[in-house]
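Structural features, examined
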Amino acid sequence: MSAAEITERIGEASPLVMARVAGGLWLLCIVAGIGGFIAGSPLIVANDAAATARNILANESLFRLGFAADLISGLSYLGATVFLYYVLKPVSKSLSLLAAFFGLAGVAIGGIAWVSHLAPLVLLHGDQYLNAFTTTQLQAMSTIALKLQMQVFSIGMVFFGVQCFVIGYLILRSTFLPRILGILLGIGGLSYVIVCFANFLLPLLGARLTPFIFAAAFIGEGSLAVWLLVKGVNVQRWKEEARAAEGS
């Protein structure tokens, strides 16, 4: 089945089904993302390349599990972005498309970060073609790869933040979803953007803000994901908005 046929099938699904699938995928994205963080972050020792390398080699399965969880999180978010586009299209097709664009761009940038997650395993295994480098140099390059991964991921988070803010605005304008969900998600999206820029411009301030910012984002994303999965949308009002959009 081609991509166009898959897209057409999604567009023909009922709004309730689309909303619940979007909620389920977004919830999976959150759970997998947290799982990837829990699996990978304890292995990284700040400013100690040798200790980080030892941890990764001693817990290689856990490190690979973190990569797999991040990959699942990204693919789930990709699916949630597609379904949310169709759910919110009756409110504003152009803004829904804009939100989808930022979501897809964020996933693409995040994909680069996830691939670089595997670089330390390549560098630290000490294959023959790497004999030109010393162990210390390989450990340093491995740490650089991990730091670059975080920098690239932060760029992707800016796109995710903008997407969440636009989706929050669309929900606020809609009649088929509670407006409080849009407010919470909009705050969460704006929080992502603020903390990412703070990390680039004022790293110390960004580090202090990160726990609070991600808590706000978690509340916004989690509330919407659970609501969509459990409640879906008000189908009658969704259809009314869809007919109004078609007639305008």
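Before reading on, note that the structure itself is shown above.
As the structure is a computational prediction, the values presented were derived from the model and not from experiment.

The rules behind each value
- Residues numbered from 1 in each chain as written.
- Predicted model: local features only at pLDDT ≥ 70, side-chain atom pairs only at ≥ 80, totals over all residues.
- Heavy atoms only, no water.
- Helix = DSSP H or I, 4+ residues; strand = E, 2+ residues; numbered from the N terminus.
- Expected span 1.5 Å × (residues − 1).
- Buried < 20%, exposed > 50% of the residue type's maximum accessible area, 1.4 Å probe, protein only.
- Axes fitted to C-alpha atoms, helices over the stretch in contact; angles between N-to-C directions.
- Parallel < 35°, antiparallel > 145°, perpendicular 65-115°, else oblique.
- Left-handed = near helix turned anticlockwise from the far one by under 90°.
- Contact = heavy atoms within 4.5 Å.
- Nonpolar A, V, L, I, M, F, W, Y, C, P; charged D, E, K, R; others polar.
- Salt bridge = Lys/Arg side-chain N within 4 Å of Asp/Glu carboxyl O.
- Core = buried A, V, L, I, M, F, W, Y, C linked by side-chain atoms within 4.5 Å.
- Lys, Arg positive; Asp, Glu negative; His and termini not counted.
- Patch = residues over 30% accessible without salt bridge, like charges linked within 9 Å, V, L, I, M, F, W, Y side chains within 5 Å.
- Areas by Shrake-Rupley, 256 points an atom, 1.4 Å probe, with all protein chains shown as cover.
- Phe/Tyr/Trp six-rings, centres within 6.5 Å; stacked < 30°, edge-to-face > 60°.

Our focus in this paragraph is helix α2 (residues 15-40). Here α2 spans 37 Å end to end across 26 residues, near enough to the 38 Å set by a 1.5 Å rise per residue. For α2, every residue scored as buried is listed here: Pro-15, Met-18, Ala-19, Ala-22, Gly-23, Trp-26, Cys-29, Ile-30, Ala-32, Gly-36, Ala-39 and Gly-40.

The next thing to look at is the packing of helix α4 (residues 60-88) against helix α7 (residues 135-173). The interhelical angle for the contact between α4 and α7, taken along N-to-C directions, is 25°, at an axis separation of 13 Å. Considering the angle they form, α4 stands roughly parallel to α7. Crossing hand, α4 versus α7: left-handed. Contacts between α4 and α7 involve Phe-63, Asp-70, Tyr-77, Thr-81, Leu-84 and Leu-88 from the first element and Leu-146, Gln-149, Phe-160, Gln-163, Cys-164, Ile-167, Leu-170 and Ile-171 from the second. Among the residues forming the contact of α4 with α7, the class breakdown is ten nonpolar, three polar and one charged.

As for its placement among the helices and strands, Pro-90 is situated in the loop between α4 and α5 (93-116). Along the backbone, Pro-90 and Val-166 are 76 residues apart, and their C-alpha atoms lie at a distance of 14 Å.

Applying the stated rule across the entire model yields one salt bridge. Put simply, Glu-60 and Arg-64 hold a salt bridge, and the shortest N to O gap is 3.0 Å. Of the two residues, Glu-60 and Arg-64 both sit in helix α4, four residues apart, roughly one turn of that helix. With a relative accessible area of 41%, Arg-64 lands in the partly exposed category.

This paragraph deals with the nonpolar core. Ranked by internal contacts, the top residues of the largest apolar core, which has 41 residues, are Trp-26, Leu-88, Ile-167, Ile-171, Phe-176, Leu-224 and Val-233. Looking at this core, the elements with two or more residues in it are α2, α4, α5, α7, α8 (179-201), α9 (203-230) and α10 (235-247). Ignoring any residue separated from it by four or fewer positions in sequence, one finds Trp-26 in contact with Tyr-77, Ala-80, Leu-84, Cys-164, Ile-167, Leu-185, Glu-221, Leu-224 and Ala-225. Judged by nonpolar contacts, the second largest core, of seven residues, contains Leu-43, Ile-56, Leu-124 and Leu-146.

Attention shifts here to the packing of α4 against α5. Where α4 meets α5, the closest approach of the two axes is 9 Å, and the angle between their N-to-C directions is 170°. Classified by the angle their axes make, α4 and α5 are roughly antiparallel. Contacts from Phe-67, Asp-70, Gly-74, Tyr-77, Leu-78, Thr-81, Tyr-85 and Leu-88 of α4 reach α5 at Lys-93, Ser-96, Leu-97, Ala-100, Gly-103, Leu-104, Val-107, Trp-114 and Val-115. Of the residues belonging to the contact of α4 with α5, the class tally is eleven nonpolar, four polar and two charged.

Our focus in this paragraph is the environment of Gly-168. As for its position among the elements, Gly-168 is in helix α7. A relative accessible area of 2% means that Gly-168 is categorised as buried. The contacts of Gly-168, once residues within four sequence positions are left out, are Gly-182, Leu-185 and Gly-186.

Take Ser-191: it is sitting in helix α8. Sequence-distant contacts of Ser-191, defined by excluding residues within four places in its chain, comprise Ile-213 and Ala-216.

Glancing now at the side chain of Glu-221. Residue placement: Glu-221 occurs in helix α9. No salt bridge is formed by the buried Glu-221. Its closest oppositely charged neighbour is Arg-20, at 19 Å. Residues contacting Glu-221, with those up to four places away along its chain left out, are Trp-26, Ile-30, Tyr-77, Cys-164, Leu-185 and Tyr-192.

Turning to a nonpolar patch on the surface, a few remarks are in order. A cluster of nonpolar side chains, contributed by Ile-155, Phe-197, Phe-200, Leu-201, Leu-202 and Leu-205, occupies part of the molecular surface with about 590 Å² of accessible area. No other element matches α8, which puts three residues into the nonpolar patch. The residue Leu-201 is located in helix α8 in this model. For Leu-201, a relative accessible area of 64% gives the class exposed.

With that settled, consider the packing of aromatic side chains. Counting across every chain of the model gives five aromatic pairs. Centre to centre, the rings of Tyr-85 and Tyr-86 are 5.1 Å apart; their planes meet at 70°, and the pair counts as edge-to-face. Comparing Tyr-85 with Tyr-86 shows no difference in burial state: the two are buried. Measuring from centroid to centroid gives 5.8 Å for Phe-102 and Phe-159, while their planes differ by 40°, and the two rings are tilted. Separated by 57 residues along the polypeptide, Phe-102 in helix α5 and Phe-159 in helix α7 bring together distant segments of the chain. In this structure Phe-102 comes out as buried when scored by relative accessible area, which is 18%. For Phe-159, a relative accessible area of 22% gives the class partly exposed. Members of the aromatic cluster, connected to one another through ring pairs, are Trp-26, Tyr-77 and Phe-160.

Honestly, that's just the spatial picture; any functional story needs more than this.
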